[in-house]
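# Residue-level structure breakdown
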Amino acid sequence: MVGLKEELLKSIWHAFTALDLDRSGKVLSHNLCTVLNVPHDPVALEEHFRDDDEGPVSNQGYMPYLNKFILEKVQGNFDKVEFNRMCWTLCAKKNLSKSPLLISDEDAFKVWVIFNFLSEDKYPLIIVPEEIEYLLKKLTEAMGAGWQQEQFDHYKVALNTSREGLSAWELIDLVGSGQFSKGMDRQTVSMAINEVFNELILDVLKQGYMLKKGHKRKNWTERWFVLKPNIISYYVSEDLKDKKGDIVLDGNCCVEALPDKDGKKCLFLIKCLDKSFEISASDKKKKQEWIQGEVSKMLVMCNGFRFWLVLTANLMRIRTDNSYFCSKNTLGKKKSHANKHHNTSVHSLQLSRKFSQLEAAAARAAEEEKKRLQTQVELQDRFSLELEREKMVRQKMEEQVAQKSSELEQYLQRVRELEEMYKQLQEALEDEKQARQDEETVRKLQARLLEEESAKRAELEKWHLQQQQTIQMTEAEKQELENQRMIKEQALQVAMQQLEQLELERKEALEQYEEVKKKLETAANNTKSWKDKVAHHEGLIRLIEPGSKNPHLITNWGPAAFTEAELEERQKSWKGKKATSE
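Residues numbered from 1 in each chain as written. Predicted model: local features only at pLDDT ≥ 70, side-chain atom pairs only at ≥ 80, totals over all residues. Heavy atoms only, no water.

### Observations concerning the overall build of the chain
- The secondary structure content of the chain amounts to 13 helices and eleven strands.
- Counting contacts in the chain only where the partners sit at least 6 residues apart, residues at least 24 apart contribute 56% of the total.
- Accessible area for the chain stands at about 43400 Å²; split by element, carbon and sulfur atoms hold 55% of it. (Helix = DSSP H or I, 4+ residues; strand = E, 2+ residues; numbered from the N terminus. Contact = heavy atoms within 4.5 Å. Areas by Shrake-Rupley, 256 points an atom, 1.4 Å probe, with all protein chains shown as cover.)

### Looking at the sheet that holds strand β5 (residues 231-235)
- In spatial order, the strands read β6-β5-β4-β3-β9-β8-β7; together these seven strands make up an open sheet with antiparallel pairing. Both outer strands of the open sheet, β6 (243-248) and β7 (254-258), are each paired with one neighbouring strand and no more. Each adjacent strand pair in this sheet contributes to an overall mean axis angle of 35°, direction not counted.
- One ladder, built from five bridges, connects strand β8 (residues 267-271) with strand β9 (residues 276-280); its direction is antiparallel. (Pairing = 2+ DSSP bridges. Axes fitted to C-alpha atoms, helices over the stretch in contact; angles between N-to-C directions.)

### Observations concerning the side chain of Lys 287
- By the element assignment, Lys 287 lies in helix α11 (residues 284-354).
- From its side chain, Lys 287 meets the backbone oxygen of Leu 267 in a polar contact 3.2 Å long.
- The contacts of Lys 287, once residues within four sequence positions are left out, are Ala 257, Leu 258, Cys 266, Leu 267, Phe 268 and Ala 281. (Polar contact = N/O pair within 3.5 Å; in protein donor to acceptor, adjacent residues only side chain to side chain.)

### Looking at the pattern of salt bridges
- Counted according to the given criterion, the structure contains 21 salt bridges.
- A salt bridge links Arg 414 to Glu 417, with the nearest nitrogen and oxygen atoms 3.6 Å apart. Remark: Glu 417 and Arg 414 occur in helix α12 (residues 360-536); sequence separation between them is three residues, near one turn of the helix.
- In this structure, a network of salt bridges that share partners links the residues Glu 482, Arg 485 and Glu 489. (Salt bridge = Lys/Arg side-chain N within 4 Å of Asp/Glu carboxyl O.)

### Some remarks on empty space enclosed by the protein
- Enumeration according to the criterion identifies two cavities of 30 Å³ or more in this entry.
- Lining the largest cavity are Leu 136, Leu 139, Thr 140, Met 143, Leu 174, Val 175, Phe 180, Ser 181, Val 189, Ala 192 and Ile 193.
- When contributions to the lining of the largest cavity are tallied by element, the ones reaching two or more residues are α7 (129-143), α9 (168-177) and α10 (186-200).
- Broken down by element, the residue count for the lining of the largest cavity peaks at four residues, all from α7.
- Class assignment of the residues belonging to the lining of the largest cavity gives a composition of nine nonpolar, two polar and no charged. (1 Å grid on protein atoms, 1.4 Å probe; cavity = no way out; pocket = protein on both sides within 12 Å on 5 of 7 lines; lining within 4 Å. Points joined across faces, edges and corners; volume = space filled by probe spheres on them. Nonpolar A, V, L, I, M, F, W, Y, C, P; charged D, E, K, R; others polar.)

### Some thoughts on the nonpolar core
- Judged by nonpolar contacts, the single largest core of 59 residues is most densely connected at Leu 32, Leu 36, Phe 83, Trp 88, Trp 112 and Ile 172.
- Residue contributions to this core peak at eight residues, all from helix α6 (residues 105-118).
- Each residue touching Trp 88, except ones within four places of it in the same chain, is listed here: Leu 96, Asp 105, Ala 108, Phe 109, Trp 112, Trp 169 and Ile 172.
- Membership of the second largest hydrophobic core comes to 18 residues, among which are Met 210, Tyr 234, Cys 253 and Phe 277. (Core = buried A, V, L, I, M, F, W, Y, C linked by side-chain atoms within 4.5 Å. Buried < 20%, exposed > 50% of the residue type's maximum accessible area, 1.4 Å probe, protein only.)

### Focus on a nonpolar patch on the surface
- Nonpolar side chains collect at one region of the surface, where Leu 492, Met 496, Leu 499 and Leu 502 lie side by side and expose about 390 Å² of accessible area between them.
- Relative to the assigned elements, Leu 502 resides in helix α12. (Patch = residues over 30% accessible without salt bridge, like charges linked within 9 Å, V, L, I, M, F, W, Y side chains within 5 Å.)

### Things to note about the pairing of strand β3 (residues 206-213)
- Two elements, β3 and strand β4 (residues 220-228), share eight bridges in a ladder whose sense is antiparallel. Following the sheet pairing, Lys 213 is matched in β4 by Trp 220.
- In the sheet, β3 pairs with β9 via two bridges, with the strands oriented antiparallel. For Lys 212, the partnering residue across the bridge sits in β9 and is Ile 279.

### Let's talk about the packing of helix α5 (residues 80-95) against α6
- For the pair α5 and α6, interaxial distance at closest approach is 10 Å and the crossing angle is 110°. Considering their axes alone, α5 and α6 lie roughly perpendicular with respect to each other. The residues of α6 that touch α5, namely those facing Val 81, Asn 84, Arg 85, Cys 87, Trp 88 and Cys 91, are Asp 105, Glu 106, Ala 108, Phe 109, Trp 112 and Val 113.
- Residues of the contact of α5 with α6, tallied by class, amount to eight nonpolar, one polar and three charged. (Parallel < 35°, antiparallel > 145°, perpendicular 65-115°, else oblique.)

### Description of a negative patch on the surface
- A surface patch of negative charge is lined by Glu 419, Glu 420, Glu 427, Glu 430 and Asp 431.
- If you trace the backbone, Asp 431 turns up in helix α12. (Lys, Arg positive; Asp, Glu negative; His and termini not counted. Charge placed at Lys NZ, Arg CZ, Asp CG, Glu CD.)

### Comments concerning the packing of α7 against α10
- Contact geometry of α7 with α10 gives a least axis separation of 8 Å together with a crossing angle of 120°. Taken together, α7 and α10 sit at an angle that is classed as oblique. Crossing geometry of α7 relative to α10 is assigned as right-handed. On α10, the residues that touch Tyr 134, Leu 135, Lys 138, Leu 139, Ala 142 and Met 143 of α7 are Thr 188, Val 189, Ala 192, Ile 193, Glu 195, Val 196, Glu 199 and Leu 200.
- Of the residues that constitute the contact of α7 with α10, the class distribution is ten nonpolar, one polar and three charged. (Left-handed = near helix turned anticlockwise from the far one by under 90°.)

### Observations regarding the packing of aromatic side chains
- Scanning the entire structure with this criterion turns up 13 aromatic pairs.
- Judged by centre distance (5.6 Å) and plane angle (50°), the rings of Trp 13 and Tyr 123 are tilted. Of this pair, Trp 13 sits in helix α1 (residues 2-18) while Tyr 123 sits in the loop between α6 and α7, and the two are 110 residues apart along the sequence.
- Look at Trp 13 and you get partly exposed, because its relative accessible area is 26%.
- By relative accessible area, Tyr 123 is classed as partly exposed at 39%. (Phe/Tyr/Trp six-rings, centres within 6.5 Å; stacked < 30°, edge-to-face > 60°.)

### Considerations on the layout of surface pockets
- Volume-wise, the largest pocket comes out at about 1300 Å³.
- Along the walls of the largest pocket sit 38 residues, with Asn 194, Glu 195, Asn 198, Val 204 and Gln 207 positioned nearest its centre.
- Taken together, the elements giving at least two residues each to the lining of the largest pocket come down to α5, α6, α7, α10, β3, β4 and α11.
- For the lining of the largest pocket, the residue count by class is 17 nonpolar, five polar and 16 charged.
- Split by domain, the lining of the largest pocket shows at least three residues from each of two domains, domain 1 (1-202) and domain 2 (206-317). (Domains from an automatic or database assignment.)

### Here we look at the pairing of β5
- Counting buried positions over the five residues of β5 gives four, a clear majority of the element.
- Relative to β5, β4 runs antiparallel, the two sharing five bridges. Across the sheet, the residue bridging to Phe 225 is Tyr 234, located in β5.
- Sheet topology places β5 next to β6; five bridges connect them, and they run antiparallel.

Set out below in structure tokens:
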């Protein structure tokens, strides 16, 4: 908890120093309680920051309130990135350089968090040249560029002559100026900063997309894997919003490569105590990086402590056994030395007692010596014969061993041949098994084809029956149509007869029409002549004709028999006749 408190204090220090003294305590306290998931105590806050005759109590120090009411209640169940972003928001606007930088505001925030992680635990916070070199090396390595040691040495000398280190904002200016990342674009620098941020701050050792086999449906789904110390988490995508599960890396886990199967390549397996995870990398390089690199390192770290305990116990047992054996050997040597001294004393006493008997035994000794020499010659002869016999036996044994070796070699050769034959038989059995499987597959295919053929034949028979029924229906309809045709032909003959009769009647009517027409023409001619006569008559007689559309002339006796225009015409005619008569 002390390390967590020191880590939080660095970010809080930046935010506190950026705010005004009169309002920094209250504003910062509200925000800290929110992001750190600490219950807010407004009574204690107002009590600490109340005004008295000498001014606000907060001038006596903000640290007592921060330690007592906020930091001591922090449980660690908060988002560190969100906490750092809140502190960054409070201090960045005031301190961040206005000059254009090669990095974005988000990258500047990540550099600021890395600064808090690497800076010294003394205030005001600075980062020493050694940590600057460490950070720049990691950024250069992440960008895939070469480290310029000579250039940094010059920069380090110039820095040491003026001050001990850099502040957070000077470090951001250094990274954003591109002094140690020349030739790199913004995207490359941003990716490098993000990689170092994930490693140092988020404890992300490795991350990337891979395929994972499901435990229930056995389907392969793409997941975003994130490796941290002692755990691998996998998400739906790299935004880390939808977490699907975790793989806990403990002493019971192991990782091993798998051969390609089910159309998937670059497979490896992570075995845990309760379940196993089959994963497919995008290529062999990524597969080796995950297997031989980071995951194996984590498993070694997890198993390291247990191995150290076993090794320590074995060393203690060996030391105890060695002490026991050393003490036992020492006691044995002492006991052997005492026995040897005792035996020597007894032997000396026996020699002194038998010294007087040596002279009497001299003669017997000479005779015994003679017998001994004779016995020795006999033994030598016997030993010579036995030696010859042993040589012959040894030669026979060597011949037998050579024969046995040859037989063994033949036997081994036979065994190898049998093993080769066994392998061939296994291959033949596998081929036969495969052939049977193929035959079974073909048989099933034939059965399926026969079933399909039977179904098709039944369908064809059904169609044939329907066709026969249709033909029969067609024949009946044809017969009925033939009958209708005969009826219609008869009706047509009757109609033709009627048509001929009508044609005769038409001719007769036409003749009558011609006669009537002639009569009408004669009558019309007669009527015209009569009409002319009437028109020239001076009397009041007038033919009755359809009325004119013009207004009629009205007389004292009612409507006249002629129009006003006709009257004028007749007046003109009368005047002309009168003038002629005069």
